[in-house]
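Spelled out from the first residue to the last, the chains are:
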Amino acid sequence: MSAHLEIRRSDRPRRTRGAEHLFDGPARHEWSLRFLSAPGHLMLLAYVEGVPAGFITGIEDAPPDKGSEMCLYETGRGRAVPQTGIARELVSTLAAIARDRGCYDIVGPVDADNNPGAAFYRATGARADGALSRC
Ligand SMILES: CC(C)(COP(=O)(O)OP(=O)(O)OC[C@H]1O[C@@H](n2cnc3c(N)ncnc32)[C@H](O)[C@@H]1OP(=O)(O)O)[C@@H](O)C(=O)NCCC(=O)NCCS
């Protein structure tokens, strides 16, 4: 039987702090507060059996010549988690939110040397120009 996976929005620094083992470094309270309260910024956390196991950050932007778009800033999951499909579920949830907000697309950067990251984004439908084309 597969483990229970739940995606929740992090709307307060305490919740983000509880998932900081997933990030590149510790989550500082003032930085979390600034990120979570900034218009268009959102963080989703994936919980497996109630334990934070993955995250995704999105930043909604509206360039004057393009309209509303969602930038998928970063995603990752905990190394200790055996269950796969976590990051795909996070991307799908972010895409649904972007659609609800009227975004025309999701775009995302990936470091040039991050081949696994690029392969993951390709598997979720991303094009080479960084657009995920999910909206
Ligand atoms: C990349 C990462 C987010 C994938 O997380 P995950 O939960 O294992 O991914 P999923 O299980 O949801 O995989 C979704 C799809 O991507 C593919 N995929 C995942 N990791 C992959 C890898 N390392 N190489 C190739 N394909 C990969 C899976 O095969 C799957 O495709 P499928 O359903 O057609 O089989 C995770 O390995 C990670 O945290 N990496 C370090 C951070 C990073 O590179 N983030 C992305 C750039 S910000």
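For the structure, see preceding data.
Values in this document were obtained by computation on a predicted structure and should not be read as measured data.

**Student:** I keep staring at the pattern of salt bridges and nothing clicks. Help me out?
**Tutor:** Under the counting rule described, the total for this entry stands at six salt bridges. The closest approach of N and O atoms between Asp-11 and Arg-12, which form a salt bridge, is 3.3 Å. Residue classification places Arg-12 among the partly exposed positions, given a relative accessible area of 35%. Between Arg-17 and Glu-20 there is a salt bridge; the shortest N-O distance is 3.5 Å. Here Glu-20 falls in the partly exposed class, since its relative accessible area comes to 23%.

**Student:** I would appreciate a short explanation of the site of the ligand in the present structure.
**Tutor:** Around the ligand, a shell composed of 17 residues is seen, among which Thr-75, Arg-77, Gly-85, Arg-88 and Asn-114 lie nearest. Arg-79 is positioned with one of its side-chain polar atoms (N or O) 3.2 Å from an oxygen atom of the ligand. Here Gly-85 contributes a backbone N or O atom positioned 2.6 Å from an oxygen atom of the ligand. Computed on the free molecule, the ligand has an accessible area of 910 Å², of which 63% lies beneath the protein chains in the complex. In terms of residue count, helix 4 (residues 115-123) provides more of the shell around the ligand than any other element does, six residues in total. When its residues are assigned to classes, the shell around the ligand shows seven nonpolar, six polar and four charged.

Conventions used here
- Residues numbered from 1 in each chain as written.
- Predicted model: local features only at pLDDT ≥ 70, side-chain atom pairs only at ≥ 80, totals over all residues.
- Heavy atoms only, no water.
- Salt bridge = Lys/Arg side-chain N within 4 Å of Asp/Glu carboxyl O.
- Buried < 20%, exposed > 50% of the residue type's maximum accessible area, 1.4 Å probe, protein only.
- Near = heavy atom within 4 Å.
- Polar contact = N/O pair within 3.5 Å; in protein donor to acceptor, adjacent residues only side chain to side chain.
- Areas by Shrake-Rupley, 256 points an atom, 1.4 Å probe, with all protein chains shown as cover.
- Helix = DSSP H or I, 4+ residues; strand = E, 2+ residues; numbered from the N terminus.
- Nonpolar A, V, L, I, M, F, W, Y, C, P; charged D, E, K, R; others polar.

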